[in-house]
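Breakdown of the fold
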Amino acid sequence: MRYILKRLLTTIPIIIGVSFLLYVMLNIVPGDPVALMMGEHINPDTIERVRARMNLDDPLLLRFVKYLLDALHGDFGYSYKLKREVSTLIWQAFPNTLILAVSGALVSWIIGIPAGIISAVKKNTWIDYAVMTFALIGVSMPVFWAGLLGQYFFGLKLQWLPISGFDGLNIKYIIMPAIVLGWSAAATIARLTRSSLLEVMSSDYIRTAREKGLLRHQVVIKHALKNAFLPVITVMTIQVASLLSGAVITETIFGIPGIGRIAVSAIQTRDMPLLQGSVMFATVLIILGNLLADILYGFIDPRIKYH
Amino acid sequence: GSNGDEGASSTSSSSEATGSTAEKVQFVVPYDEDPGTADVAKTTEFYALPLNMFDRLVESVTVAPGKSELVPGLAETWEVSDDGLVYTFHLRKGALFQNGDEVKAEDVYFTFDRMLDPATEGLNTDFFDMISGAEARMNGEADSTEGIKIVDDYTLEITLDEPFGPFVAGLATPAGSVYCKKAVLEAGDQFGIDPALTVGSGPFKLAEWTVNDKIVLEAFDNYWGGRAQYDELVLKIVPDAETARMLFESGEIDVFNCDMARSQIPYFESNDKWKELIVSGPRVGVYYICLNQSIEPLGDVRVRKALQMAIDRENMLAQMFYGKGQLVNGIMPPGLYGYNSDLPEIPYDPEAAKALLAEAGYPDGFAFEVAQETDSPNTLKINEIIQSDLAKIGVDVTITQLDESTFFGIRKTGELPSYYSSWSADFNDPDNFIYTFFTEKNAVSRSFNYVNADIQQKIEDARIMTNAEERIATYQEIEKTIVHDDAAWIPLFELDHLFVVQPYVKNYTVAWNGWSDQSYYSIQIEK
Amino acid sequence: MPEDQEDTLIAADSIWRELLQSIYKDKKAFVGAILVIAFVIIALGAPIFAPYDPYEVDMAEMLVPPSFTEGASEISDNSYMIGTDFLGRDIMSRIIYGARISLAIGLIPPLITLAIGTLLGMTAGYYGGKTDYLIMRLADICMSFPSLLLAMVVMYTLGASLFNIFIALSIVNWGGTSRIIRAQTLSLKQKEFVEAARSMGVSKWKILWRHIFPNCIPSLIVLFTLSVPEAIMSEAGLSFLGVGAQPPMPSWGLMISRGKEYLFSSPWVAITPGIAIFIVVIAFNFIGDGLRDALDPYTKHD
Amino acid sequence: MSELLMTASSLKKYYEVKVQSVFSGGKSKEVVKAVDGVDIEIGKGETVALVGESGCGKSTLGRLLINLISPTDGDVVFKGESIYGLRGKHDKAFRKDASIIFQDPYASLNPRMKVKDLIGEPLLTHGMTNAKERYEKVSELMKISGLKPEYANRYPHQFSGGQRQRIGIARALALNPSLIVCDEAVSALDVSIQAQILNLLKSLQKDYDLTYLFISHDLSVVRYISDKVYVMYLGKIVEYGDPKSLYTDPKHPYTKFLLDAVPIPDPSQRNREKMILEGDIPSAINPPSGCRFRTRCPFATDKCKQEIPEIIQMEHRGYACHYPL
Amino acid sequence: MSDVLVINHLKTYFKTKHGMNPAVDDISLRLQMGKITALVGESGSGKSMTAMSILGLIPKPSGVIMPGSEILFEGKDLTTLKEREIAKIRGNKIAMIFQEPMTSLNPVYTIGKQLTEPLRVHQKLSKQEAKKIAISYLEKVRIPDPEKRFNNYPHQLSGGLRQRVMIAMAMICEPKLIIADEPTTALDVTIQAQILSLLCGVQKDLDTAILFITHDLGVVAEISDTVCVMYAGQIVEQADVKTLFDKPMHPYTKGLLKSLPRVDDDVTELYSIKGMVPNLIHLPKGCRFASRCPEATAICHQEIPPREMVSRDHEVFCWLPRKEVSNV
Ligand SMILES: Nc1ncnc2c1ncn2[C@@H]1O[C@H](COP(=O)(O)OP(=O)(O)OP(=O)(O)O)[C@@H](O)[C@H]1O
Ligand SMILES: Nc1ncnc2c1ncn2[C@@H]1O[C@H](COP(=O)(O)OP(=O)(O)OP(=O)(O)O)[C@@H](O)[C@H]1O
Ligand SMILES: [Mg+2]
Ligand SMILES: [Mg+2]
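Residues numbered from 1 in each chain as written. Chains lettered and ligands numbered in written order. Predicted model: local features only at pLDDT ≥ 70, side-chain atom pairs only at ≥ 80, totals over all residues. Heavy atoms only, no water.

Thoughts on the overall build of chain A
Along the backbone of chain A there are twelve helices and zero strands. From first element to last, N terminus to C terminus, chain A shows the α and β order α-α-α-α-α-α-α-α-α-α-α-α. Overall, the C-alpha framework of chain A stretches about 85 × 55 × 30 Å when taken along its three principal axes. Within chain A, the proportion of its 307 residues that are buried is 62%. Counting only contacts in chain A whose residues sit at least 6 apart along the sequence, the fraction spanning at least 24 positions is 71%. (Helix = DSSP H or I, 4+ residues; strand = E, 2+ residues; numbered from the N terminus. Buried < 20%, exposed > 50% of the residue type's maximum accessible area, 1.4 Å probe, protein only. Contact = heavy atoms within 4.5 Å.)

Section: the overall build of chain C
Looking only at helices and strands, chain C has 14 helices and zero strands in total. Along the first, second and third principal axes, the C-alpha set of chain C runs to 80 × 55 × 30 Å. When burial is assessed residue by residue, chain C has 63% of its 302 residues classed as buried. Across chain C, contacts joining residues at least 24 apart in sequence account for 71% of those joining residues at least 6 apart. Split by element, the accessible area of chain C, about 11,600 Å² in all, is 66% carbon and sulfur. Charge centroids of chain C, computed over 21 positive and 27 negative side chains, lie 14 Å from each other. (Areas by Shrake-Rupley, 256 points an atom, 1.4 Å probe, with all protein chains shown as cover. Lys, Arg positive; Asp, Glu negative; His and termini not counted. Charge placed at Lys NZ, Arg CZ, Asp CG, Glu CD.)

A short note on the arrangement of the chains
Contacts are most numerous between chains A and C, considering all eight pairs of chains that are in contact. Structurally, chain B and chain D remain out of contact, their C-alpha atoms never closer than 42 Å. Regarding chain B and chain E, which are not in contact, the minimum distance between any of their C-alpha atoms is 47 Å.

Structural notes on the UniProt feature "transmembrane region" (unreviewed entry) in chain A
Residues and elements named next belong to chain A. Cross-referencing UniProt, the feature "transmembrane region" (unreviewed entry) maps to residues 7-29, 98-117, 129-154, 174-193, 228-249 and 279-300 in the present numbering. Taken end to end, residues 7-29 has its terminal C-alpha atoms 34 Å apart, with 91% of it in helix and 0% in strand. Across residues 279-300, helical content stands at 100% and strand content at 0%; the span's end C-alpha atoms are separated by 31 Å. (UniProt positions renumbered as here; feature names shortened; annotations may be inferred.)

Concerning the packing of aromatic side chains
Residues and elements named next belong to chain B. Scanning the model with the defined rule gives 64 aromatic pairs over all chains in all. Here the aromatic rings of Phe248 and Phe256 are separated by 6.1 Å at their centres, their planes lie at 35°, and the arrangement is tilted. We note that Phe248, like Phe256, is buried. Taken together, the aromatic side chains of Tyr288, Phe407, Tyr419, Trp423, Phe437, Phe438, Phe448, Tyr450 and Trp489 make up a single cluster linked through ring pairs. A cation sits over an aromatic face here: Arg245 above Tyr267, 4.8 Å from the ring centre. (Phe/Tyr/Trp six-rings, centres within 6.5 Å; stacked < 30°, edge-to-face > 60°. Lys NZ or Arg CZ within 6 Å of the ring centre and 35° of its normal.)

What about the UniProt feature "transmembrane region" (unreviewed entry) in chain C?
Residues and elements named next belong to chain C. Here the UniProt feature "transmembrane region" (unreviewed entry) sits at residues 29-50, 95-122, 162-181, 207-226 and 268-287. Annotated as residues 95-122, this span is 100% helix and 0% strand, and its ends, taken at the C-alpha atoms, are 39 Å apart. Its end C-alpha atoms 28 Å apart, residues 162-181 is made of 95% helix and 0% strand.

Quick notes on the environment of Val238 of chain B
All names here are of chain B. Within the secondary structure, Val238 is located in the loop between strand 10 (232-237) and helix 6 (241-249). Classification of Val238 as buried rests on a relative accessible area of 2%. With 176 residues separating them along the chain, Val238 and Gly414 place their C-alpha atoms 34 Å apart. Filtering out sequence-adjacent residues up to four positions away, Val238 remains in contact with Pro30, Tyr31, Asp32, Thr243, Ala244, Leu247 and Met260.

Here we look at the sheet that holds strand 12 (residues 317-319) of chain D
Residues and elements named next belong to chain D. Pairing in this open sheet of eight strands is mixed, and the strands run 6-7-8-3-9-10-12-11 from one edge to the other. Unpaired on one side and paired on the other, strand 6 (98-101) and strand 11 (312-314) mark the two borders of the sheet. Neighbouring strand axes in the sheet, compared pairwise and without regard to direction, differ in orientation by 20° on average. Relative to strand 9 (residues 228-233), strand 3 (residues 47-51) is paired through four bridges, and the arrangement is parallel. Paired with Ala49 across the bridge in strand 9 is Val229. Sitting on the sheet, helix 1 (residues 58-65) is in contact with strand 3, strand 7 (179-183), strand 8 (211-216) and strand 9, with an inclination near 160° to strand 8. (Pairing = 2+ DSSP bridges. Axes fitted to C-alpha atoms, helices over the stretch in contact; angles between N-to-C directions.)

Let's talk about a negative patch on the surface
Taken together, the side chains of Glu135, Glu141, Glu146, Asp161, Glu162, Glu440, Glu460 and Asp461 of chain B make up a negatively charged region of the molecular surface. Tracing the sequence through the fold places Glu162 of chain B in the loop between strand 7 (155-159) and helix 4 (167-171). (Patch = residues over 30% accessible without salt bridge, like charges linked within 9 Å, V, L, I, M, F, W, Y side chains within 5 Å. Salt bridge = Lys/Arg side-chain N within 4 Å of Asp/Glu carboxyl O.)

Re a nonpolar patch on the surface
Residue and element names in this part refer to chain C. A cluster of nonpolar residues, Ile37, Ile41, Ile42, Ile48 and Phe49, forms a patch on the protein surface that exposes about 490 Å² of accessible area. Taken together, the elements giving at least two residues each to the nonpolar patch come down to helix 2 (27-44) and helix 3 (46-49). Its location among the elements puts Ile37 in helix 2.

So, the site of ligand 2
All names here are of chain E. Taken together, 14 residues surround ligand 2, and among them Ser43, Gly44, Lys47, Ser48 and Met49 come closest. Between Gly46 and ligand 2, the recorded distance is 3.0 Å, taken from a backbone N or O atom to an oxygen atom. Isolated, ligand 2 exposes 630 Å² of accessible area, and the fraction of that covered by the protein chains is 70%. Contributions of two or more residues to the shell around ligand 2 are made by strand 2 (19-32) and helix 1 (47-55). Class assignment of the residues belonging to the shell around ligand 2 gives a composition of five nonpolar, six polar and three charged. (Near = heavy atom within 4 Å. Polar contact = N/O pair within 3.5 Å; in protein donor to acceptor, adjacent residues only side chain to side chain. Nonpolar A, V, L, I, M, F, W, Y, C, P; charged D, E, K, R; others polar.)

What about the interface of chain B and chain C?
Listed per partner, the contact involves 22 residues of chain B and 16 residues of chain C. Between chain B and chain C, a total of about 1,800 Å² is buried, with carbon and sulfur atoms accounting for 54% of that surface. Run the count over chain B and chain C and you get two salt bridges. With its nearest N and O atoms 2.9 Å apart, the salt bridge here joins Glu384 of chain B to Arg89 of chain C. Between the two partners, chain B and chain C, sit three residue pairs in polar contact (both at pLDDT 80 or more). Elements represented by at least two residues in the side of chain B that touches chain C include exactly helix 6, helix 9 (313-321), helix 11 (377-391) and strand 16 (396-402) of chain B. (Buried area = accessible area lost by both parts, 1.4 Å probe.)

Side note on the interface of chain A and chain C
A common way to state how big an interface is: give the accessible area lost once the parts meet. In this assembly, 51 residues from chain A lie in contact with 46 residues from chain C. Of the roughly 4,500 Å² buried at the junction of chain A and chain C (both faces included), carbon and sulfur atoms supply 75%. Counting the surface chain A buries against chain C, the share from its top three residues, Phe144, Trp145 and Arg191 of chain A, is 14%. One salt bridge connects Asp289 of chain C with Arg191 of chain A, and the closest N-O pair in it is separated by 2.6 Å. Summed over the shared surface of chain A and chain C, the number is three residue pairs in polar contact (both at pLDDT 80 or more). Every element with two or more residues in the side of chain A that touches chain C is listed here: helix 1 (2-27), helix 6 (126-140), helix 7 (143-157), helix 8 (171-201), helix 10 (216-254), helix 11 (259-268) and helix 12 (272-300) of chain A.

Focus: the sheet that holds strand 4 (residues 75-80) of chain B
All names here are of chain B. Here we have four strands laid out as an open sheet, ordered 4-5-7-6, and antiparallel in their pairing. Single-partner strands in this sheet number two, and they are strand 4 and strand 6 (148-152). Adjacent strand axes in the sheet meet at a mean angle of 20° when their direction is disregarded. The pairing of strand 4 with strand 5 (residues 86-91) spans five bridges and is classified as antiparallel. Directly across from Val80, in strand 5, lies its bridge partner Tyr87. Sheet strands touched by helix 2 (residues 105-116): strand 5, strand 6 and strand 7. Its angle to strand 6, the strand with the most contacts, is close to 175°.

Set out below in structure tokens:
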């Protein structure tokens, strides 16, 4: 537990660093945010007043510190465009993104892990090539392209699945975005499972297991997989990041009201507080994902001992 | 007027979009962005909500394609004093807000005063700033608006500083929406956002709002004009045009706005199922190219004239818009009060254009920057055509894409490069075009930088003229000078606005001005 | 003293030789390599291969279907191998010219990323201590961002243009590289040959350059081949979201995102650049996978 | 014997290691006393051997002696000067004068460098920038080490283990050092190759007047090659002396156990009397108090627990034990 | 008759990109009940591959056991068995101990789980029964505190202890034959002495045969009954241990013995066998050792030598005995 706490503490400087970087990037953009936010008909006095209200004339660093302090209280400011509290918007969107990301991750495992295992076991046979190529097709198709084709065939032509929209845990709506999203992450998982399994399979203890009289598939299942999954777990980390990135596009195409949609529309409308808030949030998710992976790793691998 | 042609789209009605309310009769319209708020003090772009949730004193209704009429709204009658300065509105008795309160003059006063109140940071003040005392109110020098008086519960008197012909028409725009004082005070900044707190007197009541997903409006049972003929109006947020088209074809949404993807027009027109279901209407609006005269060499009128002649408008209209519209040679589009059909035609003549350029000292052309918003594929295509047209007279066009806010931010400073855009009428009056673009301050803030003292004077004069004929004549003269003598603007065309609706959607009409945002009150769903 | 042991020697000598051999041996990698070579040749020789001017708008020739389809010849007298787009531009020529952009996007950001990542990774690994801590936290920070969002933010700050995509993609992805290189440096640092060099008094930078860097090359190559397709995809994604390459640039990503409107009426407009991306990306992935098999010390011995 | 080349006095090297565990929670800093107060004298032209079980600190000591790592405490004097104080030019001169050969012929040669660059690297580092000159020197070194100069353009993996070790030797010889530390230089080789290398080392010593610090865990090899043997246990020297008397008459019980444990390639000696040491070497983190060997020593008493035995000097020999055999 | 396992003409070849590698080339040997047979040879001489051939664990598909090879065990030819059948023998009737105790145990499972696995696989024992037996074996290999160790993970054990666990695991099904592939090479001499004495003790208890693979002639002398010397994939000399060390016949054996430094004696000059092992893929004609052999004559370079029985239990694969005979 102390370890978990410690790891949690180490994420703090990262979170601060991330938010600072983001804050600076978003605030050095030329142009007056107020003028941008208020549209055409506004008179200059109002602009002045709003600037003052938003402390826009303070030095950047001071503003950042204020922002951070407010953020600590859960106050991420107001969305220019959607006229709501950023935190509220994000919390409303979060479950949708979570459902999408988790189901995307599941798909990537359902495709990636068996693909990796099969192609490791059948290394350098045509099955290996076929399976790995299948996994690769996912990364090699632009997500939006795959999404459009999916909508056309499975939504419009075959009418199997809804074209767009989201309805909580209603699986009908999740399947297509999850496949589009998950498939593109599957190749990473497949690759890693494959090479990790190959590495494990050539290790001495696998030979020991074979020598004990276990059959090849028993060895794979009983001895190799658990070891092979250790590095795969670490990749879950990177996966959180790539799933969130993918979600940006997937949510746009399938009209899922998630964090990614928020971020994209915030960019298009220059809604800085919303953009800052949503990217921050996604980033914190990724950091927590890392943490989770580390902790999980620690529990699966009895050797864990850091130097 | 809405800027550009990339507005939201609207559609009508099916019932299975949301499973939970399957028994209710719904009309589902797609929009490509979440409007954020229903409060017209806080938005200048998304009017679908106010148009359906609130009422105005006066409504402008579509009587025929491209034709509107001002009809009583919350005000049953109104009169204007002879000097054109005092307007008296007599409110309808028994009109209820959705919280059961009756609409009173105090609510109207409150609403208009709120728009002008600096604390509101209202965005649509320009429909009210001619009211006397408005300036003082806006500057924080007064606590109330002097020019608006509550005579009694059902009578309101508004005094202007100077006569302003289109004042009532302006109040009929969404900006004139009337709110319930009590509700607004209770809701604070949640007004227009929180369905439980947002109260209007319109035919629909805000019921559910899932940001970036959908907004559900319920028919208001006690609407003074009678309950709508279906149960729910759903605005579904569909950011992608292609998705919207598929949703439409699969019956999940009820209207397809062809502005979202004009390339679909031939498909719908040739499809047996849909071709009968296309609803079309002219847009009281004009597509144009703004020429920023402060950017050299556009200061030279010969150069501007050359550019006017170098663009093959006819081809553009035919190829990009499948001929759905007509060429315009001025600023005021057909359908607008004061439209001048006798303006001379601007010819497509690249040779003459070249000669003019040579005369101006640019025989080899020059570099020309065109700005546009990102994420407007249609504008981009037009710009690419402009790019290739101008290449034929040696002008080298760069297309610079800016996101929406930067685009408008820079435009306000007068430094935005030339751009292609469109304007359609908020209210049916030349003022909504001429003043909007060419009054001195707007000429800068729209990055025209057009200077002509004589014309400036005429624009101001025309505004307060009370003689209609004289006014129209002045506007037509102004228009001719700006477009044909000074070549400060390149008129392109007016476009029809096409919608496709599901077969069970009846009585769907295109708003007189061609907007995507309109009232869906009169629609019927017959499944 | 040793006999002539000529025959005990293994043929391969340099890493590049090894690399070529392993590509040649691996069927997938071989196919990938051929496709990539074709891609590079097409990109470099675009003016030679392109049948039309990729920028020329001709409204009369709008949306002409590919010449192999039945109706094509009725619509236009000219023959376009894979049709024209919504402005009457020849898609084939645009794809050929677009290969240049994809090539640049595929090469430049990954190279910059690798350079930054390698430099910082080696420095962190070799110097350790505070330097290491600082660099790695910085890497953590960069890796914590969802890369597409970060790229979008960068584009938001800098404005949309091809050049800015280079910058955005370069600063987004170095974290992963630096981690891998750092780990390798740490393990190489312990290797006896590094100690041997230190015992001779070879300076730190020379050790990094002569001993550590060359031994990171195999991983760098694998990383490179895998980040090329990633970069190409990222560009497509950014373009799709409207913050990528600017028209009239024939960027493949942009072509899809602009052609998607015609996906169903004139499918060739969006599908063909999609196929181009697909082929190039999968080709690089094939090579990457093959090289990984060959250069990965674990899967190598077999 | 001969004049002293190098003296180490009360040399210590402690490593701090962080031990962290998810289960026990938290992390703790522990000190590994890899080398804990060692005195060593190396005479010019001698081969001094260092033996002991794995992990007892032999390599650490070897590295300390050529200033590859810096000590926690203590000093090493080489040719009258402390090596740790050396800076710049002097440090470079020392690095020229002392070199090292490693155990693993696979790990000690950079796989990405050609033989000529491997052997040429010390030359280049120490100022021989002329490529041609360097190449000639490399050829000469290869010949001396029993490699064909024609192989100069090959990579290490194109050689057998024995040949690689010769490359390592050529590289160590490149700068005409006076001291070479051989860290398990023959341990990884097969007997037949091991004999070749041992003989090569011996003949080079004669020809070039070299001094070796020969680190090994193989007592047979040590007996064959060395003039003086130091026995280490858990970071400390427990006994030293000339091989003959040390092997036939060990004073420290550990030395005796070690010798008994070595298998003898003669079946007729199979049933000789031998003592087998029980248990494992304790961890260098928190080593036992007093005599470090006491936990495994059958003769240990309370005294061994409390008092650290000092080195007792004899003629050419010394041992650290309260109860010598 | 007390042969546990008989190998006849075993050939295990590897397909490589440079050609066929005859890693094990025509080996015949018999392992007797209750005896320790040592297989010595330099690195790469094919010792491990001989062992792996017995258990059918040759890496596929590059490794092939050539037709004509025979490995007879309990009346069956192991080379012809199906995977399923041979799996029943592995760890049950023939067990194996490997060189690397550090890596030969699966790091993510307790040693208890790994130790009981053979019992559960082959004898289908319950967890409880298996645990009881396992703990008794941990005691047998003198692991202190066996109950506690049972639940330890491998990384919590020292190298010596792990090798003991490996031995316990090999013994646990009371096999007819244990193959020990360099079980002590990675250990310190002191631990090696412990393990060797343990192994000898165990072998006496169970009366199994042991095939002991090593490259250390010292170890061979200490524990084995019979010795086979391998060189470049072939057995060049085979004899009981005394004979081999007293009267080695093959020049290679003689050279090896002479190149050993001794701990019990001063050696002033070591003999060194010149050159190195030939590349198995491009083998010279004649005797594989000829190029390094100080006693080689023309015929050695020309023709493959005969297998000569110089006495009842002493076989040499060399031209020398013939020459001596003819000289006499
Ligand atoms: N860099 C280091 N950090 C922490 N501990 C170390 C480090 N280097 C060595 N040690 C520890 O110091 C002790 C002595 O190690 P050293 O390598 O000197 O032993 P050795 O006698 O050479 O062993 P071997 O025979 O296995 O080579 C060991 O316990 C080792 O774990
Ligand atoms: N997977 C393989 N592919 C090709 N050749 C192999 C393979 N495994 C082993 N060999 C070859 O088989 C020969 C014998 O190897 P083996 O492992 O039996 O030697 P060994 O006598 O056990 O050596 P060591 O003492 O190093 O363990 C070697 O020449 C080796 O190159
Ligand atoms: Mg060592
Ligand atoms: Mg072996």
